[in-house]
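# Summary of the model geometry
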Amino acid sequence: MATIYISSSLLWNCSLEEIFDWTYRSQLDGIELWAQQFFSREYRRNDYLRLTALYPLKSCVHSQSWDLNLASLNEGIRRQSVAEVKKSIELADSLGLDEVTVHPGRHTLPGASEHSGDYLRESLKELLDYAGKLQIKISLEIMEKTPKEFATSMEAMKQICGSMFSSFCYTLDAAHCDSTEEIFRTLKDYGSHISKIHVSNRKGNQLHTPLDRGDYDMRALLPQLARFGLPLVIEGFDNGRELSAAAENLHFIQTIF
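Small disclaimer: the values here were computed from a predicted structure and weren't measured.

## Details of the packing of aromatic side chains
Throughout the structure, instances matching the rule amount to 12 aromatic pairs. A centroid spacing of 6.2 Å and a plane angle of 85 degrees characterise the contact between Phe38 and Phe39, whose relative ring orientation is edge-to-face. By relative accessible area, which is 29% here, Phe39 ends up partly exposed. Where Phe165 meets Tyr190, the ring centres are 6.4 Å apart and the plane angle is 70 degrees; that geometry is what we call edge-to-face. Taken together, the residues span a long stretch of sequence, with Phe165 in the loop between helix H6 (154–161) and strand E6 (169–173) and Tyr190 in helix H7 (residues 180–190) at a distance of 25 residues. Taken together through their ring pairs, the aromatic side chains of Trp12, Trp34, Trp66 and Phe237 make up a single cluster. Lying across the ring of Tyr130, Lys86 places its NZ or CZ 5.0 Å from the centre.

Structure (structure tokens):
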């Protein structure tokens, strides 16, 4: 049986109540709630707690990530990035949730990268200590393979995190992988460290396309991923009121499960 969440970024212009209601009526299991959406749309903690009492849905938080860089060469940017991720951790704590998805940092410039790993390691140590005090798990997301990203595999995560590696859990993003072989190799070798799988399709270099449009045969892939027993989080972004992307993904999911 698959456990399927929706990323709230697919319901960007919805109220908190609309997000809960749409997810519940769609017979999904939970929500990955984007902290940036929560803050920028001025959702309220009391409303969230009221809705969790009404709707039997699971939740986790996706940390703020836009405009941030935990490995920035600019110390002011790096410090503010750490502060914004801490706010996301505090949000999870205030909502009674225990996991926050965090994007690791990237090179400021591909050609000025010798200390990026050191800067990121310092940021992650501070965040790990902070989250630990609140008993919040940090799930580091494995990123896409672009020139500035360097936390692009579990092997890279091991090198970056060092002795902290087992203190984090990790989010595997199917669209960030270059092949199904890479997806299954990562799950086979590191499955005990992975907390969830982000699922969307990709078309060449265009990432996070709807599940039924892209290079992956999701009709075959999704049931195979579900067998690992990890939550599958449908990802994407849609700021329209028609919720067409969410509806398209949901229809496809319903034809499979």
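We are not done yet, so read on.
## A closer look at helix H8 (residues 218–226)
Looking at H8, one finds that the buried residues are Met218, Leu221, Leu222, Leu225 and Ala226. One side of H8 holds all its buried residues, which, seen down the axis, span an arc of 130 degrees. Turning to H8, the residues buried within the fold contact H7, strand E7 (194–199), strand E8 (201–203), strand E10 (232–234) and helix H9 (244–256).

## Notes on H9
Taking 1.5 Å per residue as the helical rise, H9 with its 13 residues ought to reach 18 Å, and the 19 Å between its terminal C-alpha atoms agrees with that figure. Along H9, the residues classified as buried are Ala245, Ala246, Asn249, Leu250, Phe252 and Ile253. All buried residues of H9 lie within an arc of 165 degrees about the axis, which places them on one face of the element. In the core, the buried residues of H9 are packed alongside strand E1 (4–7), helix H1 (16–25), H8 and E10.

## Some thoughts on the pattern of salt bridges
A full pass over the atoms with the stated rule returns 19 salt bridges. Linking Arg50 and Glu17 is a salt bridge whose minimum nitrogen-to-oxygen distance equals 3.6 Å. With Arg50 in helix H3 (residues 45–54) and Glu17 in helix H1, the pair connects residues that are 33 residues apart, well separated along the chain. Looking at Arg50, the relative accessible area reads 39%, which means it is partly exposed. For Glu17, a relative accessible area of 39% puts it in the partly exposed group.

## Examining the pairing of E7
Most of E7 sits out of view: six of its six residues are buried. Strand direction decides the pairing type here: E6 and E7, joined by four bridges, are parallel. Counted as the bridge partner of Tyr170 is Ile194 from E7. Both E7 and E10 contribute to a ladder of three bridges, which runs parallel. Counted as the bridge partner of His198 is Val233 from E10.

How each quantity is defined
- Residues numbered from 1 in each chain as written.
- Predicted model: local features only at pLDDT ≥ 70, side-chain atom pairs only at ≥ 80, totals over all residues.
- Heavy atoms only, no water.
- Phe/Tyr/Trp six-rings, centres within 6.5 Å; stacked < 30°, edge-to-face > 60°.
- Buried < 20%, exposed > 50% of the residue type's maximum accessible area, 1.4 Å probe, protein only.
- Helix = DSSP H or I, 4+ residues; strand = E, 2+ residues; numbered from the N terminus.
- Lys NZ or Arg CZ within 6 Å of the ring centre and 35° of its normal.
- Arc of directions from axis to C-beta.
- Contact = heavy atoms within 4.5 Å.
- Expected span 1.5 Å × (residues − 1).
- Salt bridge = Lys/Arg side-chain N within 4 Å of Asp/Glu carboxyl O.
- Pairing = 2+ DSSP bridges.

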